[in-house]
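Architecture at a glance
These are the residues of each chain, in order.
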There are 4 protein chains.
Amino acid sequence: MEQKNPTAILLLCCPDKQGIITDITKFLTDNSGNIVYIDQYVDNVDSMLFMRIEWELAKFVIPREKISEYIHTLFAGRYDMDFNIYFSDEKPRMAIFVSKMSHCLYDLLARYKAGEWNINIPCIISNHENLRYVADQFNIPYYVWSINKDHSNKDEVEKAEMDLLKKEKITFIVLARYMQIITDKMIAAYPHHIINIHHSFLPAFIGAKPYHQAYERGVKIIGATSHYVTNELDAGPIIEQDVVRITHKDTPDTLVLKGRDLEKIVLSRAVTKHIERKILTYKNRTVIFS
Amino acid sequence: MEQKNPTAILLLCCPDKQGIITDITKFLTDNSGNIVYIDQYVDNVDSMLFMRIEWELAKFVIPREKISEYIHTLFAGRYDMDFNIYFSDEKPRMAIFVSKMSHCLYDLLARYKAGEWNINIPCIISNHENLRYVADQFNIPYYVWSINKDHSNKDEVEKAEMDLLKKEKITFIVLARYMQIITDKMIAAYPHHIINIHHSFLPAFIGAKPYHQAYERGVKIIGATSHYVTNELDAGPIIEQDVVRITHKDTPDTLVLKGRDLEKIVLSRAVTKHIERKILTYKNRTVIFS
Amino acid sequence: MEQKNPTAILLLCCPDKQGIITDITKFLTDNSGNIVYIDQYVDNVDSMLFMRIEWELAKFVIPREKISEYIHTLFAGRYDMDFNIYFSDEKPRMAIFVSKMSHCLYDLLARYKAGEWNINIPCIISNHENLRYVADQFNIPYYVWSINKDHSNKDEVEKAEMDLLKKEKITFIVLARYMQIITDKMIAAYPHHIINIHHSFLPAFIGAKPYHQAYERGVKIIGATSHYVTNELDAGPIIEQDVVRITHKDTPDTLVLKGRDLEKIVLSRAVTKHIERKILTYKNRTVIFS
Amino acid sequence: MEQKNPTAILLLCCPDKQGIITDITKFLTDNSGNIVYIDQYVDNVDSMLFMRIEWELAKFVIPREKISEYIHTLFAGRYDMDFNIYFSDEKPRMAIFVSKMSHCLYDLLARYKAGEWNINIPCIISNHENLRYVADQFNIPYYVWSINKDHSNKDEVEKAEMDLLKKEKITFIVLARYMQIITDKMIAAYPHHIINIHHSFLPAFIGAKPYHQAYERGVKIIGATSHYVTNELDAGPIIEQDVVRITHKDTPDTLVLKGRDLEKIVLSRAVTKHIERKILTYKNRTVIFS
């Protein structure tokens, strides 16, 4: 749903001091920025303030290319502040990585096609040909780089992928059941901008075959977890989780089937929050604005 | 809710062969045992049959003290069967172990007092005096054995506890947030008859302070797990689990509060299933009849 | 997932009498029908037995076209039994009715394309052109009959639709957010074979705009309900329901968005159960085998 | 959990205008009121601001008995504001009304006794003697007024109850499965200060025997709803709801049992929010601060 009036979104995080909120809202109001969203959260354990504020650019006195500089000069130093500025009319550009399973990919593309998300998806990348027909259905370029069994071409593949991501000006990546480890180099290029779906209730059942692990352990509930990818496997900041009840009648096969619905919904909820610029990360945790 | 007509309950487990169900139902019917409940489940992965069958004793030809012998002679060998016989008018005798927190204890005793469970609770055992007032409110004997910091009296305490359990003819034990490790000896005396509540979604956050672990990991959902106690910590067969959604606003303190309701409900659901003789265990998993 | 060995599935319902299960399993076994699934449920309130039994046809002595006759002759009269026979290699033929929203349609077609369901979808029917592009993506014929505002062509449209359903040998219909009332005539042609998704937790918020009704009432949870269509609006036997938590921050618009995921999952779960022949209906309620 | 430093809590609601939050926080800060909690919510549909702000009284310049007057003079008129002031060291005084079922009563009293709530419970009122033993266990006065079958003494009973509530300075009432209609007069005396638990997912199954209604309708999920009592039966502002999944195997009796746990948890969550002064009501809906 495209917005009529472009807005700027400021996401910030800093030690909690009195006056910050007043200072920033005053700055925006004084410069004719009509605030359309404001939400903040104070982590009392660590005395940190997290804030999301959004205002209309139409009559805002400061030109958009200068906003970041002004925030930096006026507030960042004084308040020891980390911040990011986004503009509602600059569509995020999302790349999807897939392997062989189609359920998450279809869910992402169906939302995209229905206009649920204000983004572009310029490419789908895979290590297998299997899902090319899905990309074709939606007229999205599909690139395959298969990795040799001895991983001898891993660097080469990574370079080709990175080149494509750069060429397509990709701003964030979604791993839609992509069954390969992402390299540190790619993670470094997209810090907290790669979203993975893991098919378990993390931190339970890290790594391979979580549904089989769940079956062996005899749990009564299974889950799925979407998180930002970091260097440590399945250990990045969690964005969203959900669960479904199972019974002793479930086998690894039925868990896989039941899990599919969880995976696609949990992944898409995380993607939505990311696109809406409603996620801040701190100490390997996420603050999710509503 | 006490039943008018005493019934016998047969719980069995054996390799799945054709004819078992027919044989047993025929045996009961031929001997005037009116079947009031029958449910079975076949684990197709391991080709095992699990069955629960309950019949009225009123006109049953075989005297109750002979039933086990008959089942053993007629079926156990032929079908390689494990089985247990229970009688509805022999009330389970439950001991509760507690430390300092009252929420699970109150929940158990409120159900007991309201007549929700057809059991006796002859004693409450603790390592602290803190909850004596609750036991007093419900007129249940409360025994305290505190364990020295150097654990020097551990054997002595265990012996005293085991003596009491024996004297009171305890048939199963409920650990209602009892913050002590149960010894192998006691576990051996009550195999799959000690029910614990762990305040996490197992196998995530095994061991101490799971809510703090959950907070640190930044999960979006917390859980509670009731399970039978085995020699390995928090690794016994899971009976019941449930979860509740949390947010970044939750601190370890609010997690503890939110978790309390989960813990007591999940523990009591497990106790209900155990009392109703609706749980079979197999390969560290549970089959739960409905 | 297509089965290698064709099977027959018998779904039956009758007053509960001793011997039925034995009789039927004996009949199948005596005639070399290898039973691969058996589940039954006794409704003790009404003393009714519900049963689902599935056996391999490969060595079954009775030819498949005679099975129904044999069951009828041998058991139906004696036990006052309603029953249906299905064959696993006779694929259900499903028609989808849609209006303007794509989320349920995509979810159905993505599963179909991924081979999750052993069915054929020969046609999609609509009162609007809007979703033709989705049908085109999946190469499924898309038929549009728009109904005049004065409903003057209603009979004509119905006839055309019924002709198509007949021509395509449709065995069941899925209303994937189809915003038109189904006529009594069509319901009569597909009794308990038309599955609807209603975007509320029935019986709350029957009729139009349930999310707006939910917003006005200030509920804290919204739901979706899939059910068989009967002559009374939104009152047919419920197959599946699910819910999601909301807050005071939700507006009718965000409820619509949150509801979409519920709707598609709840609808697809119902379709799965229907395809697997695991639903029996009785007294406006469903028995759902697992 | 009693707070060391007394605080004042301001709950307000007014049309959303720029400057309100700044004005109020400035007023508090200027007068040495250390703010320990601030949360606000803007209803964009109706352009209304809802706010909860809490500050320490220790060094606050304005004496507590004058605070309300100051807020009224300085802000209420200018901003067309409804507001309430509470003090953390003025314990709410809660009366409990019960009939015959003990589960909600035990849950409330167990929390009270464990110090989970900073309140007093001076009395329990009933129309039956049944639960006197519970009140006795917790040493709380228990009053019984039974209403004649012809309701001839209804006025008299109400007067006696109202006198007691007044004498005991009751600030809010909890109906813990109290099976009587509350009179308009009592509702008028405690507007949005009487909390009821209804044993269904409102607005489904209003009125008597909701579990039986749920069984007849064949729903797959049951719920419980806590709400403020208003003159219209089961139609007041909803505070909290929760649900539990059921199956065709459930009978009205098992629904009653499953519902009990829902009821007590949902009621206690609502009571917690009320005691914490985190509920605002608007247009028959609630705003619940976290």
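Residues numbered from 1 in each chain as written. Chains lettered and ligands numbered in written order. Predicted model: local features only at pLDDT ≥ 70, side-chain atom pairs only at ≥ 80, totals over all residues. Heavy atoms only, no water.

Thoughts on the overall build of chain A
So the rule is basically this: For the purposes of this entry, the term helix denotes a DSSP run of H or I that reaches at least four residues, the term strand denotes a run of E that reaches at least two, and both are numbered from the N terminus. The classification of residues rests on relative accessible area computed with a 1.4 Å probe and restricted to protein chains. Under 20% of the type maximum is buried, over 50% is exposed, and intermediate values are partly exposed. Contacts: residue pairs with any heavy atoms within 4.5 Å of one another. Here the Shrake-Rupley method, with its probe set to 1.4 Å, supplies the accessible areas, and only the displayed protein chains count as covering residues. Residues counted as positive are Lys and Arg, residues counted as negative are Asp and Glu, and His and the chain ends are not counted. To locate a charge, the coordinates of NZ of Lys, CZ of Arg, CG of Asp or CD of Glu are taken.
The number of helices and strands found in chain A is 8 helices and 13 strands. Within chain A, the proportion of its 290 residues that are buried is 57%. Within chain A, contacts between residues at least 6 apart in sequence are counted, and of these 66% link residues at least 24 apart. A total of about 12,300 Å² of accessible surface is found on chain A, and carbon and sulfur atoms cover 51% of it. Each charge sign in chain A was given a centre, from 36 positive and 37 negative side chains, and these centres are 4 Å apart.

Some remarks on the relation of the copies chain B and chain D
Selection rule: Least squares is the method used to superpose the copies, on C-alpha atoms of residues holding a pLDDT of at least 70 in both.
Mapping chain B onto chain D calls for a rotation angle of 180 degrees and an axial translation of 0.0 Å; the resulting RMSD is 0.0 Å. Here the copies are linked by what is in effect a two-fold axis. When each C-alpha of chain B is compared by its distance to the rotation axis, glutamine 137 of chain B comes out closest, at 2.6 Å. Most of the interface of chain B is mirrored in chain D: 100% of its interface residues are interface residues there too.

Topic: the interface of chain B and chain D
Let me state the cut-off plainly: Throughout, buried area stands for the accessible area (probe radius 1.4 Å) lost by two parts on being put together, summed over both. A side-chain nitrogen of Lys or Arg and a carboxyl oxygen of Asp or Glu constitute a salt bridge if their distance falls within 4 Å. Residues adjacent in sequence count toward polar contacts only when both atoms are side-chain atoms; beyond that, a polar contact is any pair of N or O atoms within 3.5 Å, and within protein one must be able to donate a hydrogen and the other to accept it. Residues are grouped as follows: nonpolar covers Ala, Val, Leu, Ile, Met, Phe, Trp, Tyr, Cys and Pro; charged covers Asp, Glu, Lys and Arg; every other residue, Gly included, is treated as polar.
Tallying the contact residues gives 20 residues for chain B and 20 residues for chain D. Interface of chain B and chain D: buried area, both sides summed, is about 1,700 Å²; carbon and sulfur atoms make up 52% of it. Interface area lost by chain B to chain D is led by Tyr106, Gln137 and Asp261 of chain B, which between them contribute 26%. Our count for the contact surface shared by chain B and chain D stands at 6 salt bridges. With a shortest N-O distance of 2.4 Å, lysine 264 of chain B and aspartate 107 of chain D are connected by a salt bridge. The tally of links from chain B across to chain D stands at 9 residue pairs in polar contact (both at pLDDT 80 or more). Elements represented by at least two residues in the side of chain B that touches chain D include exactly helix 3 (103-113), helix 4 (132-137) and helix 8 (252-275) of chain B. For the side of chain B that touches chain D, the class distribution of residues is 8 nonpolar, 3 polar and 9 charged.

Some remarks on the domain arrangement of chain A
Residues and elements named next belong to chain A. The condition that has to hold: Residue ranges for the domains trace back to a domain assignment, done automatically or taken from a database.
The domain boundaries assigned to chain A delineate domain 1 (7-87) and domain 2 (93-288). Put simply, the middle of domain 1 and the middle of domain 2, counted by C-alpha atoms, are 31 Å apart. Domain 1 puts 13 residues into the contact, and the matching count from domain 2 is 10 residues. Interface area, domain 1 with domain 2, both sides summed: about 950 Å², of which 67% is carbon and sulfur. Seen at the junction of domain 1 and domain 2, the total is 3 salt bridges. The salt bridge involving arginine 285 is made with aspartate 46; its shortest N-O contact spans 3.9 Å. On inspection of domain 1 and its partner domain 2, the count reaches 3 residue pairs in polar contact (both at pLDDT 80 or more).

Some words on the relation of the copies chain A and chain B
Both copies of the chain are placed relative to one another by a rotation about an axis and a shift along it. Take chain A, turn it by 180 degrees, move it 0.0 Å along the axis, and it overlays chain B with an RMSD of 0.0 Å. When the interface residues of chain A are mapped onto chain B, 100% of them again fall at the interface, so both copies present the same face.

So, the pattern of salt bridges
With the rule as written, the count across this model stands at 103 salt bridges over all chains. Of the charged contacts, one joins aspartate 43 of chain B and arginine 285 of chain B as a salt bridge, the two residues approaching to 3.9 Å between their closest N and O atoms. Of this pair, aspartate 43 of chain B sits in strand 2 (residues 35-43) while arginine 285 of chain B sits in strand 13 (residues 285-288), and the two are 242 residues apart along the sequence. If you follow the salt bridges from partner to partner, you end up with Asp107, Arg111 and Glu116 of chain A together with Arg260, Asp261 and Lys264 of chain C in one network.

Section: the pairing of strand 6 (residues 120-126) of chain C
Residues and elements named next belong to chain C. Definition in use: Pairing between strands is defined by DSSP: at least two bridges between the two strands are required. By the criterion used throughout, a crossover qualifies as right-handed when its path from the first strand across the helix to the second strand runs clockwise, the strands pointing away from the viewer.
Most of strand 6 is tucked away, with 6 of its 7 residues classed as buried. Here strand 5 (residues 93-98) pairs with strand 6 via 5 bridges, running parallel. Pairing of arginine 93 across the sheet is with asparagine 120, part of strand 6. With respect to chirality, the unit in which strand 5 leads through helix 3 (residues 103-113) into the neighbouring parallel strand 6 is right-handed. Taken together, the 3 bridges between strand 6 and strand 7 (residues 142-144) define a ladder with parallel strand orientation. For serine 126, the partnering residue across the bridge sits in strand 7 and is valine 144.

Observations regarding the sheet that holds strand 8 (residues 172-175) of chain B
Residue and element names in this part refer to chain B. Basically, it comes down to this: Fitting a line to C-alpha atoms yields each axis, with helices limited to the stretch in contact; the angle taken between N-to-C directions then spans 0 to 180 degrees.
Across the sheet, which stays open at both edges, the 7 strands sit in the order 7-6-5-8-9-10-11 with mixed pairing between neighbours. Where the open sheet ends on each side, the last strands, each with one partner, are strand 7 (142-144) and strand 11 (238-245). Strand-to-strand, the axes of this sheet are offset by a mean angle of 20 degrees, without reference to chain direction. Of the strand pairs in this sheet, strand 8 and strand 9 (residues 194-198) are connected by 3 bridges, and their pairing is parallel. Directly across from leucine 175, in strand 9, lies its bridge partner asparagine 196.

Remarks on unusual backbone geometry
If a residue is not glycine, its phi is most likely negative; likewise, a peptide bond is most likely trans. The linkage connecting leucine 202 of chain C with the following residue, proline 203 of chain C, adopts the cis geometry, with an omega of 10 degrees. Along the chain, proline 203 of chain C turns up in the loop between strand 9 (194-198) and helix 7 (210-217).

Observations regarding the sheet that holds strand 3 (residues 48-56) of chain D
Residue and element names in this part refer to chain D. Strands sit in the order 2-3-1-4 across an open sheet of 4 strands; the sheet is antiparallel. Each edge of the sheet is formed by a strand with only one pairing partner; in this case those strands are strand 2 (35-43) and strand 4 (82-87). Strand after strand, the sheet turns through a mean of 10 degrees between neighbouring axes, direction not considered. Sheet topology places strand 1 (residues 7-15) next to strand 4; 6 bridges connect them, and they run antiparallel. Of the residues in strand 4, the one forming a bridge with leucine 11 is asparagine 84. In the packing of helix 1 (residues 20-30) onto the sheet, the strands contacted are strand 1, strand 2 and strand 3, and the crossing angle to strand 3 comes to about 15 degrees.

Side note on the interface of chain A and chain B
Listed per partner, the contact involves 34 residues of chain A and 34 residues of chain B. Summed over both sides, the interface of chain A with chain B buries roughly 3,000 Å², with 56% coming from carbon and sulfur. It is Arg217, Lys220 and His248 of chain A in chain A that bury the most area against chain B; as a group they hold 23% of the surface buried on that side. Taken together, chain A and chain B are joined by 6 salt bridges. With a closest N to O distance of 3.4 Å, glutamate 240 of chain A and arginine 245 of chain B form a salt bridge. At the level of elements, strand 2 (35-43), helix 7 (210-217), strand 11 (238-245) and strand 13 (285-288) of chain A are the ones that each hand at least two residues to the side of chain A that touches chain B. Here the side of chain A that touches chain B takes 7 residues from strand 11 of chain A, the largest share from any one element. Broken down by class, the residue content of the side of chain A that touches chain B amounts to 16 nonpolar, 7 polar and 11 charged.

Notes on a nonpolar patch on the surface
The test is simple: Without a salt bridge and with relative accessible area above 30%, a residue can belong to a patch; like charges are then joined within 9 Å and nonpolar side chains (Val, Leu, Ile, Met, Phe, Trp, Tyr) within 5 Å.
Nonpolar side chains collect at one region of the surface, where Ile181, Ile206 and Leu233 of chain A lie side by side and expose about 280 Å² of accessible area between them. On the basis of relative accessible area, isoleucine 181 of chain A is assigned to the exposed category, the value being 57%.

Regarding helix 3 of chain C
All names here are of chain C. Along helix 3, 9 of the 11 residues are buried, which leaves the element largely enclosed by surrounding structure. The complete set of buried residues in helix 3 reads His103, Cys104, Leu105, Tyr106, Asp107, Leu108, Leu109, Ala110 and Arg111. With its phi angle positive at about 80 degrees, glycine 115 sits one or two positions after the end of helix 3.

Things to note about the confidence of the model for chain A
Put simply, the rule reads: A residue's pLDDT is the predictor's confidence in that residue, given on a scale from 0 to 100.
The share of residues in chain A with pLDDT of 70 or more is 99%, and the mean pLDDT across the chain is 94. Interface predicted TM-score (ipTM) for the complex: 0.94; the corresponding pTM is 0.95.

Some remarks on the packing of aromatic side chains
Rules: For Phe, Tyr and Trp, rings pair up if their centres lie within 6.5 Å, where Trp contributes its six-membered ring, and each pair is then called stacked (planes under 30 degrees apart), edge-to-face (over 60) or tilted (otherwise). Each ring is checked for a lysine NZ or an arginine CZ that lies within 6 Å of its centre and within 35 degrees of its normal; such an atom marks a charge sitting over the ring.
Here the structure, examined in full by the defined rule, presents 38 aromatic pairs over all chains. Consider the rings of phenylalanine 50 of chain C and tyrosine 282 of chain C, whose centres lie 5.3 Å apart with planes at 70 degrees: the pair is edge-to-face. In this pair, phenylalanine 50 of chain C sits in strand 3 (residues 48-56) while tyrosine 282 of chain C sits in strand 12 (residues 279-282), placing the two residues 232 residues apart along the sequence. Accessibility classification places phenylalanine 50 of chain C together with tyrosine 282 of chain C in one group, the buried group. Here the aromatic cluster, defined as three or more aromatic residues joined through ring pairs, consists of Phe27, Trp55, Phe60 and Phe75 of chain A. Positioned above the aromatic ring of tyrosine 215 of chain A is the side chain of arginine 285 of chain B, whose terminal nitrogen or guanidinium carbon lies 4.2 Å from the ring centre.

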